[in-house]
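Reading the structure
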Amino acid sequence: MIIPIRCMSCGKPVAQFWEDFCEKKKTTDVKKVLDSFKLDRACCRTALMGNVDLIDIAARFKKA
Ligand SMILES: [Zn+2]
């Protein structure tokens, strides 16, 4: 849906990387992008890799 501000497991802030991550993953290997953010733990890496930005789609079904 929307990127969580902090990693759900360890609590490290990850949301500030989201826009950079979306831009850089188009041209660079995802592993190198995550390494450049110094996200070492698998839980934080998963938070970025597993997120799908669905907020615009979900917003269409909002109650009026
Ligand atoms: Zn984490």
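These lines cover the structure that appears in this document, whether it is placed above or below. Only a predicted model underlies this, so the values are computations on that prediction, with no experimental measurement involved.

Quick word on the environment of Trp-18
- Note on placement: Trp-18 falls in helix H1 (residues 18–24).
- Its relative accessible area of 9% is what places Trp-18 among the buried residues.
- On a C-alpha basis, the gap between Trp-18 and Ile-3 in space is 7.1 Å, while along the polypeptide they are 15 residues apart.
- The residues touching Trp-18, leaving out its near neighbours within four places in the chain, are Ile-3, Leu-48, Asn-51 and Asp-53.

What to know about the nonpolar core
- With 13 residues, the main nonpolar core has Val-14, Phe-21, Phe-37, Leu-39 and Leu-48 as its most contacted residues.
- If you list the elements that add at least two residues to this core, you get H1, helix H2 (30–36) and helix H3 (42–49).
- Sorting elements by how many residues they give to this core places H3 first, with three residues.
- Not counting chain neighbours up to four residues away, the residues in contact with Leu-48 comprise Ile-3, Val-14, Phe-17, Trp-18, Phe-21, Leu-34, Phe-37 and Leu-39.

A closer look at the coordination of the zinc ion
- For the zinc ion, the full set of protein donor atoms is Cys-7 (SG), Cys-10 (SG), Cys-43 (SG) and Cys-44 (SG), and the range of their distances to it is 2.3 Å.
- Here the zinc ion binds four donor atoms, and the angle range of 96 to 118° at the metal identifies the geometry as tetrahedral.
- Sequence positions of the donors to the zinc ion reduce to the motif C-x2-C-x32-C-C. Of this pair, Cys-10 sits in the segment before H1 while Cys-44 sits in helix H3, and the two are 34 residues apart along the sequence.
- Among the residues examined, Cys-44 registers a relative accessible area of 1% and is labelled buried.

Rules of the game
- Residues numbered from 1 in each chain as written.
- Predicted model: local features only at pLDDT ≥ 70, side-chain atom pairs only at ≥ 80, totals over all residues.
- Heavy atoms only, no water.
- Helix = DSSP H or I, 4+ residues; strand = E, 2+ residues; numbered from the N terminus.
- Buried < 20%, exposed > 50% of the residue type's maximum accessible area, 1.4 Å probe, protein only.
- Contact = heavy atoms within 4.5 Å.
- Core = buried A, V, L, I, M, F, W, Y, C linked by side-chain atoms within 4.5 Å.
- Donors = N, O, S within 2.8 Å, 3.2 Å for Na, K, Ca; no water.
- Tetrahedral: all angles 85-135°; square planar, octahedral: opposite > 155°, others 65-115°.

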